[in-house]
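Working through the structure, step by step
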Amino acid sequence: MKHELEYLLDVGRQAARLAAEKIKTIYEQYLSGGNIDIREKGKDDPVTAADMAANQIIKEKLKDIFPEHAILTEEEPATWYKTGYEWVWMIDPLDGTRDFIKANGEFVTMVGLTQRGEPTIGVVVEPATGLELYACKGFGAYKSWLSQGDTSSRVKIIDTPDIKNLRLAVSRSHRDPKTDKFIEMLSVQKEIPSGSVGRKLAMVINGEADIYVHPSRGTKLWDTCACDVIASEAGGVLLSGTGEPISYLRPSGDVENHYGLLVCPTSILDKVVWASRKVWGLN
């Protein structure tokens, strides 16, 4: 099984890296005045040429090597019923499309894999910087930089953050009022704004923040799948806002995380879950 998982991870990394490199190319052209074909696929839900190109690259790579695996991707609603397959790749080719359009660099590519609903492989790449976080279940979490080839190092979530000086990753453009209540309850001292759900999750995994909560609806399975296993292997925990594991086996078409999410070190999990449940009105 070890060698099988390592192979799955290697292919997932290849797919994510190829997509991120394509996104970076399109992004650099955009910064120089190029067209990225912005259109709305739903209310306040833009998509660009970079989203679609990255989606195609990842799909083709995975289908070519694992034709028997299911692929569930944000960009194709027809795939959202596929959570029940034994192996399901859950893909967000460009998480943070609005930030891509704003040209602030705060967006990531995410490739996750579940086996019978259990997050097993996770890869997150930030195209603008080349930062890559990755993990497979049972073998630790790692980070690397695309510019440094295969050089990697272990990554661990800070296990004992300063409880009096907690750093909270917050949404740059979609701040829910419940966030302010959460900040008050835990006496958070520093807010670190960023675009992209996946990028804020990665900030906690990479030690740039202590906690990230998304205390509202709107995130989907492809927003959490890749980071779920990376956070766990890095010594932290990613859960629903209720403090329960996120279920990746769903009724047909239900891909929403209905109570948002939270990610933090295990040492302060009880406090974070208590505050999160409070802001959701569940305690």
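Below is a summary of the structure that appears in this document.

Rules of the game
- Residues numbered from 1 in each chain as written.
- Predicted model: local features only at pLDDT ≥ 70, side-chain atom pairs only at ≥ 80, totals over all residues.
- Heavy atoms only, no water.
- Pairing = 2+ DSSP bridges.
- Helix = DSSP H or I, 4+ residues; strand = E, 2+ residues; numbered from the N terminus.
- Axes fitted to C-alpha atoms, helices over the stretch in contact; angles between N-to-C directions.
- Contact = heavy atoms within 4.5 Å.
- Polar contact = N/O pair within 3.5 Å; in protein donor to acceptor, adjacent residues only side chain to side chain.
- 1 Å grid on protein atoms, 1.4 Å probe; cavity = no way out; pocket = protein on both sides within 12 Å on 5 of 7 lines; lining within 4 Å.
- Points joined across faces, edges and corners; volume = space filled by probe spheres on them.
- Nonpolar A, V, L, I, M, F, W, Y, C, P; charged D, E, K, R; others polar.

Examining the sheet that holds strand β12 (residues 211-214)
The strand order across the open sheet built from five strands is β11-β10-β12-β14-β13, with neighbouring strands paired in mixed fashion. Among the strands making up the open sheet, the edge pair consists of β11 (190-194) and β13 (236-239). Each neighbouring strand pair of the sheet contributes to a mean axis angle of 20 degrees, computed without reference to strand direction. Inspection of the sheet shows strand β10 (residues 167-171) paired to β11 by five bridges, in the parallel sense. Bridged to V170 within β11 is P193. Of the strands in this sheet, β10, β11 and β12 touch helix α4 (residues 177-186), which is tilted by about 175 degrees from β10.

Examining the sheet that holds strand β7 (residues 131-136)
Taken together, the seven strands give an open sheet; going across it, the order is β3-β4-β5-β6-β7-β8-β9, and neighbouring strands pair in mixed fashion. Only two strands of the sheet have a single partner each, and these edge strands are β3 (70-73) and β9 (152-154). In this sheet, neighbouring strand axes are inclined to one another by 20 degrees on average, regardless of whether the strands run parallel or antiparallel. Contacting β3, β4 (87-95), β5 (108-115), β6 (118-126), β7 and β8 (141-145), helix α6 (residues 221-233) crosses the sheet at an angle of about 100 degrees to β6.

Some points on the side chain of S196
Among the secondary structure elements, S196 is positioned in the loop between β11 and α5 (197-205). In this structure the side chain of S196 is engaged in a polar contact, spanning 3.0 Å, whose partner is the backbone nitrogen of R199. Ignoring any residue separated from it by four or fewer positions in sequence, one finds S196 in contact with D95, G96, D99, E106, F107 and V108.

Concerning the layout of surface pockets
By volume, the largest pocket is sized at about 680 Å³. Around the largest pocket, the lining comprises 33 residues; the ones closest to its centre are D95, R98, H174, G218 and D223. When contributions to the lining of the largest pocket are tallied by element, the ones reaching two or more residues are β2 (45-47), β4, α3 (97-102), α5, β12 and α6. Tallied by class, the residues present in the lining of the largest pocket amount to seven nonpolar, twelve polar and 14 charged. Looking at the second largest pocket, it is lined by 17 residues, and the ones nearest its centre are E118, P119, D228, P245 and Y248. Partitioning the lining of the second largest pocket into residue classes produces nine nonpolar, four polar and four charged.

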